[in-house]
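A structural walkthrough
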Amino acid sequence: MSKVAVVYWSMTGNTEAMAKELASAAGTEAIESSEFSADMCDQYDAFAFGCPAMGDEELDPDFEELFNDCAGKLGQKPTALFGSYDWGTGDWMETWKQNAEAEGVNVIETFICNLEPDDDALEALRGLGAKLSA
Ligand SMILES: Cc1cc2nc3c(=O)[nH]c(=O)nc-3n(C[C@H](O)[C@H](O)[C@H](O)COP(=O)(O)O)c2cc1C
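In what follows, the accompanying structure is described. (Residues numbered from 1 in each chain as written. Predicted model: local features only at pLDDT ≥ 70, side-chain atom pairs only at ≥ 80, totals over all residues. Heavy atoms only, no water.)

Surrounding the ligand, one finds 18 residues, the nearest of these being Ser10, Met11, Thr12, Ala53 and Ser84. With respect to the ligand, the backbone of Met11 contributes an N or O atom lying 2.6 Å from an oxygen atom. One nitrogen or oxygen atom from the side chain of Thr12 is found 2.4 Å from an oxygen atom belonging to the ligand. About the coverage of the ligand: the protein hides 83% of its 640 Å² of free accessible area. Breaking the shell around the ligand down by element, the ones donating at least two residues are helix H1 (14–25) and strand S4 (79–85). Here the residues of the shell around the ligand sort into 7 nonpolar, 8 polar and 3 charged. (Near = heavy atom within 4 Å. Polar contact = N/O pair within 3.5 Å; in protein donor to acceptor, adjacent residues only side chain to side chain. Areas by Shrake-Rupley, 256 points an atom, 1.4 Å probe, with all protein chains shown as cover. Helix = DSSP H or I, 4+ residues; strand = E, 2+ residues; numbered from the N terminus. Nonpolar A, V, L, I, M, F, W, Y, C, P; charged D, E, K, R; others polar.)

Structural data, given as structure tokens:
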């Protein structure tokens, strides 16, 4: 089984709920982004990074700094990006994915959900966790 790092930033708990469901299915615990650093990437085989739409379709700046630090260390390891949004249409995730791929990150899947994850979203997140840990 792959060792999966599920690293998230969340202001009001929606992305945190997503992270916890995904991590549980991957057989691990979600890690708050403030507790993670780029030098920890070597310990993992696969990654899921979560951050909601903030600013104007942007990542939280502190999370973005961490992700950019990690990006060069992920190599070809499978990486998923996820997060919650409200009034937009997911532009922040499109931008995030494009930037990650430009840095050479192997983005195998992105997953977004509107506000709190509903049952369908939780099921999809469990599937993603299982896929990353396979
Ligand atoms: C400062 C701020 C900026 C936001 N910007 C966007 C945005 O650009 N697009 C969008 O769809 N939602 C935006 N939202 C809504 C959040 O993405 C949404 O509430 C999300 O569920 C929060 O996730 P969290 O509970 O993990 O913090 C914003 C919320 C805040 C507080």
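That shown, we press on.
So, about the packing of H1 against helix H4 (residues 119–133). Two elements in contact, H1 and H4, have axes separated by 7 Å at closest approach and are oriented at 45 degrees. Put simply, H1 runs oblique to H4. Classified by chirality, the crossing of H4 by H1 is right-handed. In contact with Met18, Glu21, Leu22 and Ala25 of H1, H4 contributes Leu122, Leu125, Arg126, Leu128, Gly129, Ala130, Leu132 and Ser133. (Axes fitted to C-alpha atoms, helices over the stretch in contact; angles between N-to-C directions. Parallel < 35°, antiparallel > 145°, perpendicular 65-115°, else oblique. Left-handed = near helix turned anticlockwise from the far one by under 90°. Contact = heavy atoms within 4.5 Å.)

If you walk through the whole model with that rule in mind, you get 8 aromatic pairs. With centroids separated by 5.5 Å and ring planes inclined at 90 degrees, the aromatic side chains of Phe63 and Trp96 adopt a geometry described as edge-to-face. Here Phe63 is found in helix H2 (residues 61–71), whereas its partner Trp96 is found in helix H3 (residues 91–102), with 33 residues between them in sequence. Given the relative accessible area of 0%, Phe63 is considered buried. (Phe/Tyr/Trp six-rings, centres within 6.5 Å; stacked < 30°, edge-to-face > 60°. Buried < 20%, exposed > 50% of the residue type's maximum accessible area, 1.4 Å probe, protein only.)

To continue, consider the environment of Ala19. When you line up the elements, Ala19 lands in helix H1. In this structure Ala19 touches Val6, Tyr8, Ala30 and Phe82, once residues within four positions along its chain are discounted.

Another point: the sheet that holds strand S2 (residues 31–32). Within the open sheet, the 5 strands sit side by side as S2-S1-S3-S4-S5. Their pairing is parallel. Only two strands of the sheet have a single neighbouring strand rather than two, namely S2 and strand S5 (107–114). Relative to strand S3 (residues 46–50), strand S1 (residues 4–8) runs parallel, the two sharing 5 bridges. Bridge pairing in S3 links Tyr8 to Gly50. Across the face of the sheet, H3 comes into contact with S3, S4 and S5 while running at roughly 160 degrees to S4. Packed on one face of the sheet, H4 meets S1, S3, S4 and S5 and runs near 160 degrees to S5. (Pairing = 2+ DSSP bridges.)

Here H1 contains 12 residues, and its C-alpha end-to-end distance of 17 Å stays within 8% of the 16 Å for a straight helix at 1.5 Å per residue. Those residues of H1 that are buried are in contact with S1, S3, S4, S5 and H4. Within two residues after H1, Gly27 carries a phi angle of roughly 75 degrees, on the positive side. (Expected span 1.5 Å × (residues − 1).)

Of note, Val105 is situated in the loop between H3 and S5. On a C-alpha basis, the gap between Val105 and Leu22 in space is 20 Å, while along the polypeptide they are 83 residues apart. Sequence-distant contacts of Val105, defined by excluding residues within four places in its chain, comprise Phe67, Ala71, Leu74, Gly75, Thr79 and Ala100.

Interpretation note: all reported values are geometric properties and have no functional meaning in isolation.
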